[in-house]
Amino acid sequence: MPPESTDEGDPLAWARDYTPILRSFQAEYGESKPLDGHTVAFASHLEAKTGVAIETLHEAGAEVLFAPSEPQSTHGDVVTALDARDGITAFAWEGMTDEEFDNAQHELLEHGPDFILDDGCELIAKVHADHPDVAANVIGGGEQTTVGITRLEAMEREGVLQFPVYGVNDTPMKRYFDNVHGTGESSLTNIAITTNSIISGKDVVVCGYGYCGRGIARKARGMGGQTIVTEVDPRKALQAHMDGHRVMEIDEASKVGDLFISATGNRNVLRTDHFERMKDGAILANSGHFDVEIDSNALESMADDVTTPKEGITRYHMPDGRRLNLLADGRLVNLTGPHSQGHPAEVMDTTFAMMFVAAYEMLAEGVEREPGLHSIPDRLDREVASRKLDTLGISIDDLTESQQAYYDEWEHPDSSF
Ligand code: NAI
């Protein structure tokens, strides 16, 4: 008989294999417990990789309170496994309604965390709006996604942010990998699984050419899609053009697209005017954080009939006979569709590592910052990058003394031109 496997019945086992940076933190801090005495609130999409991030904070000594950052992306087996451990408490279950999601986040905050790692700024916004006594004792926080940074910037402009928050999303180690590669691959994978339809040969309209849109468009083209990009920022539009995508206004793109993927962090990107122009059978998916990018209320009111031809697909039957297919109710297609598991684990390894070092720096190293939104120090970003390279067995060069000196001088006496 082979030895009994420890993988059996452990929903985190597979993800652990693909999260070596987090495991390196577990190994390094598992005995010294540098986060001992702190209570960290953690909001994110609750599936296996997130579970490894939560157990890493716990291994490093923190008590962890966790909640979803999106009501529909929770995996119940992961929640149950984590909640069973002393020092980890779940405010989550699979299939929450929007109201239950809000209530659970409030309940978590009533337990008085002193650090908040957020995804979409829901916990941070709620603690400021409704739990001022708790906010007064929060040492700091970190924010994982673009739309959360936008909200934090608004809070900072209004002067209401009461503690320092690291903009984890804005670090190279986060957005070059998570937003570009993670969102790109997982959105297309989930669209393909949900529809069982080919990307190759389709006219794929990507709305927004930021980090996420860039990854989606590049990978869709790699799969043989004919890519079209829509933008509101002239520099991003030019970048898309120079990268080889067709760029046009959404009014035009609406007429030609077979598949639409929105990744803007903005609302009503696809709306009535566009639904009126779309082809029969068009597929609509959202990869932005909130379910506001595709105006599903407009689809609902325009349609004569609404059906579910396949799990995860809502089909709107227009009075003129066209059928428009909305995936995952317009929520994050890579996280809330049937069978969706979010980003590949290797990608979330770097994102969660950045969240971990944000907490470690303020809680264990005791670095104090003014209330407000802060960039993660470059040294932490480089440290995570180096750890990642180590786990991949990739070595890189060091600058020689002469090369460093060349960077440090401005006169360059030995230049030959
Ligand atoms: P970004 O700020 O880099 O890019 C957004 C782009 O959308 C910008 O270039 C902006 O000019 C453009 N845009 C805004 N309104 C538009 C409109 N009406 N039409 C066309 N383009 C428009 O943001 P990033 O990092 O690409 O994130 C986009 C969204 O995706 C955010 O909501 C973010 O939170 C979310 N996100 C989702 C992930 C997922 O797992 N699906 C992972 C990471 C981020």
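Data block above holds the structure.
Attention here is on the structure that accompanies the text. (Residues numbered from 1 in each chain as written. Predicted model: local features only at pLDDT ≥ 70, side-chain atom pairs only at ≥ 80, totals over all residues. Heavy atoms only, no water.)

Moving on: the site of the ligand. Around the ligand sit 28 residues, and of these Thr-145, Thr-146, Asn-179, Glu-231 and Ser-287 come closest. The separation between an oxygen atom of the ligand and a polar main-chain atom of Cys-212 is 2.8 Å. In the model, a nitrogen atom of the ligand is placed 2.8 Å from a nitrogen or oxygen of the Ser-287 main chain. Computed on the free molecule, the ligand has an accessible area of 860 Å², of which 87% lies beneath the protein chains in the complex. For the shell around the ligand, the elements supplying multiple residues, two or more each, are helix H8 (146-157), helix H9 (172-195), helix H10 (211-222) and helix H15 (333-336). If one sorts the elements of the shell around the ligand by residue count, H9 sits on top with 4 residues. (Near = heavy atom within 4 Å. Polar contact = N/O pair within 3.5 Å; in protein donor to acceptor, adjacent residues only side chain to side chain. Areas by Shrake-Rupley, 256 points an atom, 1.4 Å probe, with all protein chains shown as cover. Helix = DSSP H or I, 4+ residues; strand = E, 2+ residues; numbered from the N terminus.)

Here helix H16 (residues 345-363) is 19 residues long and its end C-alpha atoms lie 26 Å apart, about the 27 Å a rise of 1.5 Å per residue gives. Counting buried positions along H16 gives 18 out of 19 residues, so the element sits mostly inside the fold. (Expected span 1.5 Å × (residues − 1). Buried < 20%, exposed > 50% of the residue type's maximum accessible area, 1.4 Å probe, protein only.)

Let us now look at the environment of Asp-86. Looking at where Asp-86 falls in the secondary structure, it is placed in the loop between helix H4 (76-83) and strand E3 (88-90). A residue is classified by how much of its surface remains accessible, and Asp-86, at 70% relative accessible area, is exposed. Sequence separation between Asp-86 and His-58 is 28 residues, and the spatial gap between their C-alpha atoms is 9.4 Å.

Across the sheet, which stays open at both edges, the 7 strands sit in the order E3-E2-E1-E4-E5-E6-E15 with parallel pairing between neighbours. Two strands lie at the open edges of the sheet, namely E3 and strand E15 (372-374), each paired on one side alone. Adjacent strand axes in the sheet meet at a mean angle of 20°, parallel and antiparallel pairs treated alike. In terms of strand pairing, strand E2 (residues 63-68) meets E3 through 3 bridges, oriented parallel. Paired with Val-64 across the two strands is Ile-88, which belongs to E3. Sitting on the sheet, helix H6 (residues 122-130) is in contact with strand E1 (39-44), strand E4 (115-118), strand E5 (140-143) and strand E6 (164-167), with an inclination near 135° to E4. Its contacts with the sheet place H16 against E1, E4, E5 and E6, and it is angled at close to 165° to E4. (Pairing = 2+ DSSP bridges. Axes fitted to C-alpha atoms, helices over the stretch in contact; angles between N-to-C directions. Contact = heavy atoms within 4.5 Å.)

Together, Leu-392, Ile-394 and Ile-396 make up an exposed nonpolar region whose accessible area comes to about 310 Å². As for its placement among the helices and strands, Leu-392 is situated in helix H17 (residues 378-392). (Patch = residues over 30% accessible without salt bridge, like charges linked within 9 Å, V, L, I, M, F, W, Y side chains within 5 Å. Salt bridge = Lys/Arg side-chain N within 4 Å of Asp/Glu carboxyl O.)

Under the defined criterion, the tally for this structure stands at 8 aromatic pairs. Centre to centre, the rings of Phe-25 and Tyr-29 are 6.2 Å apart; their planes meet at 20°, and the pair counts as stacked. Remark: Tyr-29 and Phe-25 occur in helix H2 (residues 20-29); sequence separation between them is 4 residues, near one turn of the helix. For Tyr-29, a relative accessible area of 10% puts it in the buried group. Site record: aromatic cluster; members linked through ring pairs are Phe-25, Tyr-29, Phe-356 and Tyr-360. The ring of Tyr-211 carries Arg-214 above its face, with NZ or CZ at 4.7 Å from the centroid. (Phe/Tyr/Trp six-rings, centres within 6.5 Å; stacked < 30°, edge-to-face > 60°. Lys NZ or Arg CZ within 6 Å of the ring centre and 35° of its normal.)

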